[in-house]
Amino acid sequence: MRVRFLPRYSPDLSPIEQGWPKLKGILRTKEARTVDALNEELGPALNAIAATDAKAWFKLCGYPNLN
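Residues numbered from 1 in each chain as written. Predicted model: local features only at pLDDT ≥ 70, side-chain atom pairs only at ≥ 80, totals over all residues. Heavy atoms only, no water.

By the naming in an unreviewed UniProt entry, the chain goes by Tc1-like transposase DDE domain-containing protein and is assigned to Azospirillum brasilense.

Structure (structure tokens):
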């Protein structure tokens, strides 16, 4: 058995880091400034992220093609 240390965390390798700017941008355009407004706009904002967006983010981070 061998111990292998994982590399330090890198946001460049995390697809979710690519999604945050899109989500935050959508919420900013909706001007969701209160908790109630945020709760109301969060669902549609998440639905605006398409599967093609997610696949592109995974590819950008070096993951193999997802079918």
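Trainee: Account for a nonpolar patch on the surface, naming residues and giving values.
Mentor: A surface patch of nonpolar side chains, amounting to about 220 Å² of accessible area, comprises Leu38, Leu42 and Leu46. Along the chain, Leu46 turns up in helix H2 (residues 35-47). Classification of Leu46 by relative accessible area gives partly exposed; the value is 46%. (Patch = residues over 30% accessible without salt bridge, like charges linked within 9 Å, V, L, I, M, F, W, Y side chains within 5 Å. Areas by Shrake-Rupley, 256 points an atom, 1.4 Å probe, with all protein chains shown as cover. Salt bridge = Lys/Arg side-chain N within 4 Å of Asp/Glu carboxyl O. Helix = DSSP H or I, 4+ residues; strand = E, 2+ residues; numbered from the N terminus. Buried < 20%, exposed > 50% of the residue type's maximum accessible area, 1.4 Å probe, protein only.)

Trainee: Please give an account of the packing of aromatic side chains that cites residues and values.
Mentor: With the rule as written, the count across this model stands at 1 aromatic pair. Each ring, one from Phe58 and one from Tyr63, has its centre 5.2 Å from the other, and the planes form 70 degrees; the classification is edge-to-face. Its relative accessible area of 30% is what places Phe58 among the partly exposed residues. (Phe/Tyr/Trp six-rings, centres within 6.5 Å; stacked < 30°, edge-to-face > 60°.)

Trainee: Can you explain the pattern of salt bridges? Please cite residues and give values.
Mentor: This model, assessed by the stated rule, comprises 1 salt bridge. Between Lys22 and Asp53 there is a salt bridge, with the nearest N and O atoms lying 2.6 Å from each other. Here the residue Lys22 occupies a position in helix H1 (residues 15-29), and Asp53 occupies one in helix H3 (residues 51-60), the gap between them amounting to 31 residues.

Trainee: A description of the packing of H1 against H2 should follow, citing residues and the corresponding values.
Mentor: Where H1 contacts H2, the two axes come as close as 10 Å, and the packing angle between them is 130 degrees. Our classification of the angle between H1 and H2 gives oblique. Handedness of the H1/H2 crossing: right-handed. Here Leu23, Ile26 and Leu27 of H1 come into contact with H2, specifically with Leu38, Glu41, Leu42, Ala45 and Leu46. (Axes fitted to C-alpha atoms, helices over the stretch in contact; angles between N-to-C directions. Parallel < 35°, antiparallel > 145°, perpendicular 65-115°, else oblique. Left-handed = near helix turned anticlockwise from the far one by under 90°. Contact = heavy atoms within 4.5 Å.)

Trainee: Describe the packing of H1 against H3, naming the residues involved and giving the relevant values.
Mentor: Viewed as axis vectors pointing N to C, H1 and H3 meet at an angle of 135 degrees, and their least axial separation amounts to 8 Å. Between H1 and H3, the angle is such that the two are oblique. Relative to H3, H1 is oriented so that their crossing is right-handed. Contacts from Pro15, Gln18, Gly19 and Lys22 in H1 reach Asp53, Trp57, Phe58 and Leu60 in H3. For the contact of H1 with H3, the class distribution of residues is 4 nonpolar, 2 polar and 2 charged. (Nonpolar A, V, L, I, M, F, W, Y, C, P; charged D, E, K, R; others polar.)

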